[in-house]
Amino acid sequence: MPYPSRNARQWLDHRRAFFLFLAVFILIVVVYPLLQVGVRSFLVEGGFSLQNYRQVFLQPRNYLALWNSLWVSFLATLLATIIGMLTAFTVQRTDIPWKNTFRVLLVLPLAIPPLFSAMGWVQLVGPVGLLTQAYTGLLGAPTAPWNIYSATGIIFVLAVNNYPFVFITVSGALQRMDSSLEESARTSGAGTWRIMRNITLPLVRPAIYGGALLAFVSSIDNFGIPAVLGMRAQFYVLTTRIYEALTIPNMPLATAMSVLLILIALLSMLAFRRAEGHSGQYAVVGGKSVTPNIICLGRGRGPVTLGLLALIGIIVILPLFALVLTSFLRFWGADLIWDNLTLRHYEAVLQSAGARRGIVNSMILAPAAATILMIVTAMISYLHIKVRYRGAGVLDGLGIIPFALPGSVIGVAMILAWSNPLFGPTLYGTIWILLIAYLMRYMAFGLQSTRATLQQIHNSLEEAAWTSGAGGLRTLKDITLPLLRPGLVAGWVLIFISSFNELTVSVLIWTSGSETIGVWIFLMQDSGFIGRASALAVLCLPVMLILYVLMQWLGRLEEHKMSKKSRSTP
């Protein structure tokens, strides 16, 4: 039997086979849909033209939606940054009690879908909301002085939904920052506020910009909040205008606006990166263990703690309470008496074929997307980080791109790519187009999680296995995969939670029979079935909160292991 030539052995190499499989996967899931958006935005009756873009800017409704997206997202990001910075400084740099509890509660909004958050605020401060009724009842006023169905309402809800991005990034920077510069300034006679203004704030500036960038992209990408709070008041942003264009339908207009949304997201990322400056000027995080500089609040400790509790109660707990209470009321705005409490909304939801179909579809799509993505992204990261296979870095870069894309763009890309595809079956109208959309949207989560974990695994462990005679696959099975498991589980949970309550993409590409939980809740809310929408949202909350607690626990377990390892290292 002839021995295979060198070229044949190379083609039989399992690493090459993995790479080719992953390249095809990225091509189908990411590259092909994005090319469709870029090319189709310039196509008019088979020829290249700027007509679609002229249509965007010649209609006042379209460029007004563009302008609304920009200023609403900017103000929401500004407010989110202020809340995130203040809470991060208070928790990390003061001597308030129950810090671990505050850390968990302050990032809780990340586990609550924006649509649920908007519904909670409507039921709290809407025209017949709980606080509105209390205000008008106590003061005898005909109406409350606020209006949640407005641009101000959208800005506020976006801010309280997105401030955890700033809190997480700034908290991490403050925790890792060497406090020797602050100690030197204090020894030189500088006061607390001067040290904060001249030393601490400038050093954590990159973290502030990073969190603000995430909050801005999340705001401009959001559909649920402006749909619930803005469309009723005829206040449109780009995401709701794209949704309206697709319902007409006007695909060329939706495609051109999607490209504009991509440009805004990319330009904002470049602007934030430029504002951050060169990373070297902020390099104060050393390899040695650091002790954060804690400010003793003295008599102010009690009031500051109470203020933080009040803030969490108002922006996190109260909207959830209003959502739960509304799910038990006979009708929205009913008086809070025992006779008005009922379970009929839950019965109606569970008896609804569409709602049951939405639950089943989400229970299929979310674990499928999470499992596929963790397998694929672990293979890409392994080839890139450990094997250093040529071309694997390109696949990693292509997989990260969808993270910067608004969900509306991904929805339009899916319709263009899979309604009349150049190859393969027509997926539009089936549940599988949603699966590909989730794979594209959340691929960056899997890549980030597996890449970070693999970078922490020292090469000497695998080298020791090879020296002992273990082969490549056995080393991968017995050494690398067990060490990679925490990152795989954390990434799986994050993708599951995000896919389970996804709305922005799903609402653009769902069809009869492929509804998801998020779509069904939005449809019931939009149709006036507030109680049923609240009941279905409340039924979903325990699933997300349990997974969120699991993710937090895994994160803390990993931190504990790393801390133990660093203490044992001489």
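Residues numbered from 1 in each chain as written. Predicted model: local features only at pLDDT ≥ 70, side-chain atom pairs only at ≥ 80, totals over all residues. Heavy atoms only, no water.

Draft legend 1. Summary view of the overall build of the protein. Of regular secondary structure, the protein possesses 25 helices and two strands. Split into buried and exposed, the 570 residues of the protein put 51% on the buried side. Contacts spanning at least 24 positions in sequence make up 77% of the contacts within the protein whose residues lie at least 6 apart. (Helix = DSSP H or I, 4+ residues; strand = E, 2+ residues; numbered from the N terminus. Buried < 20%, exposed > 50% of the residue type's maximum accessible area, 1.4 Å probe, protein only. Contact = heavy atoms within 4.5 Å.)

Draft legend 2. A look at empty space enclosed by the protein. All chains considered together, the criterion is met by four cavities of 30 Å³ or more. Computed from the structure, the largest cavity encloses a volume of approximately 80 Å³. As for the largest cavity, its lining consists of P109, I112, S117, W121, V160, N161, I315, V316, P319 and L320. Those elements giving two or more residues to the lining of the largest cavity turn out to be helix 6 (114-125), helix 8 (151-176) and helix 15 (301-328). When residues of the lining of the largest cavity are assigned to their parent elements, the largest contribution, four residues, is made by helix 15. Partitioning the lining of the largest cavity into residue classes produces eight nonpolar, two polar and no charged. (1 Å grid on protein atoms, 1.4 Å probe; cavity = no way out; pocket = protein on both sides within 12 Å on 5 of 7 lines; lining within 4 Å. Points joined across faces, edges and corners; volume = space filled by probe spheres on them. Nonpolar A, V, L, I, M, F, W, Y, C, P; charged D, E, K, R; others polar.)

Draft legend 3. Examining helix 11 (residues 205-221) more closely. Over its 17 residues, helix 11 extends 24 Å from the first C-alpha to the last, a length consistent with the 24 Å expected when each residue adds 1.5 Å. Counting buried residues in helix 11 gives 13 out of 17 residues, a clear majority hidden from the surface. (Expected span 1.5 Å × (residues − 1).)

Draft legend 4. Summary view of the packing of helix 18 (residues 392-400) against helix 20 (residues 432-455). Contact pair helix 18 / helix 20: the axes reach a minimum separation of 8 Å and the direction vectors enclose 135°. By the angle class used here, helix 18 and helix 20 are oblique. Contact residues: D396, G399 and I400 in helix 18; M443, A444, L447 and R451 in helix 20. Of the residues assigned to the contact of helix 18 with helix 20, the class counts are four nonpolar, one polar and two charged. (Axes fitted to C-alpha atoms, helices over the stretch in contact; angles between N-to-C directions. Parallel < 35°, antiparallel > 145°, perpendicular 65-115°, else oblique.)

Draft legend 5. Just the nonpolar core, in detail. F116, L229, M414, I509 and I521 are the most contacted members of the largest nonpolar core, which has 155 residues in total. If one sorts the elements of this core by residue count, helix 8 sits on top with 13 residues. Among residues more than four places away in sequence, those in contact with L229 are A118, V122, I148, Y149, S150, G153, I154 and V157. Of all hydrophobic cores here, the second largest spans six residues; its members include I385, L454, I457 and L484. (Core = buried A, V, L, I, M, F, W, Y, C linked by side-chain atoms within 4.5 Å.)

Draft legend 6. Spotlight on the packing of aromatic side chains. Scanning all chains against the criterion turns up 16 aromatic pairs. What links up through ring pairs into an aromatic cluster is the set Y32, W418 and F423. It is R232 that lies over the ring of Y149; its NZ or CZ is 4.2 Å from the centre. (Phe/Tyr/Trp six-rings, centres within 6.5 Å; stacked < 30°, edge-to-face > 60°. Lys NZ or Arg CZ within 6 Å of the ring centre and 35° of its normal.)

Draft legend 7. Structural detail: the packing of helix 2 (residues 14-40) against helix 20. Packing of helix 2 against helix 20 leaves a shortest axis separation of 10 Å and a crossing angle of 90°. In this view, helix 2 runs roughly perpendicular relative to helix 20, as classed from their interaxial angle. Across the interface between the two elements, F25, I26, V29, V30, P33 and L34 from helix 2 touch I436, L439, M440 and M443 from helix 20. Grouping the constituent residues of the contact of helix 2 with helix 20 by class yields ten nonpolar, no polar and no charged.

Draft legend 8. Up close: the side chain of S73. On the secondary structure map, S73 appears in helix 4 (residues 60-93). A relative accessible area of 2% places S73 in the buried class. Reaching out from S73, the side chain makes a polar contact with the backbone oxygen of S69 at a distance of 2.7 Å. With sequence-adjacent residues up to four places away left out, S73 is seen in contact with N68, F216, S219 and I220. (Polar contact = N/O pair within 3.5 Å; in protein donor to acceptor, adjacent residues only side chain to side chain.)

Draft legend 9. The pattern of salt bridges, seen in detail. As enumerated under the stated definition, the model contains six salt bridges in all. We note a salt bridge from D95 to R301, for which the minimum N-O separation is 4.0 Å. You can see D95 sitting in the loop between helix 4 and helix 5 (99-106) and its partner R301 sitting in helix 15, a full 206 residues away along the chain. Since its relative accessible area comes to 23%, D95 is described here as partly exposed. R441 is the partner of D221 in a salt bridge, and the nearest nitrogen-oxygen pair spans 2.6 Å. Here R441 lies in helix 20 and D221 lies in helix 11, a separation of 220 residues in the sequence. Three or more residues are tied together by salt bridges with common partners; here these are R61, R241 and E244. (Salt bridge = Lys/Arg side-chain N within 4 Å of Asp/Glu carboxyl O.)

Draft legend 10. Region of interest: a nonpolar patch on the surface. Among the surface-exposed residues, F57, Y63, L64, W67 and L70 lie close enough to one another that they form a single nonpolar patch of about 500 Å² accessible area. Per element, the largest residue contribution to the nonpolar patch is four residues, and it comes from helix 4. Counting through the fold element by element, F57 comes out in helix 3 (residues 51-58). (Patch = residues over 30% accessible without salt bridge, like charges linked within 9 Å, V, L, I, M, F, W, Y side chains within 5 Å. Areas by Shrake-Rupley, 256 points an atom, 1.4 Å probe, with all protein chains shown as cover.)

Draft legend 11. Broad picture of unusual backbone geometry. At W98, a residue that is not glycine, the phi angle is positive and equals roughly 55°. Looking at the secondary structure, you find W98 in the loop between helix 4 and helix 5. Look at W98 and you get exposed, because its relative accessible area is 53%. Positive phi is not limited to glycine here, since Q234 has a value of about 60°. Structurally, the position occupied by Q234 is in the loop between helix 12 (224-229) and helix 13 (238-247).

Draft legend 12. Representation of the environment of A88 within the structure. Here A88 is to be found in helix 4. Taking the C-alpha atoms as reference points, A88 and Q175, 87 residues apart in sequence, are found 9.9 Å from one another. Residues in contact with A88, not counting those within four places in the same chain, are R93, F167, V170, S171 and L174.

Draft legend 13. Summary view of the environment of H458. When you line up the elements, H458 lands in the loop between helix 20 and helix 21 (459-467). H458 sits 22 residues away from T480 along the chain, and the two C-alpha atoms are 9.9 Å apart.

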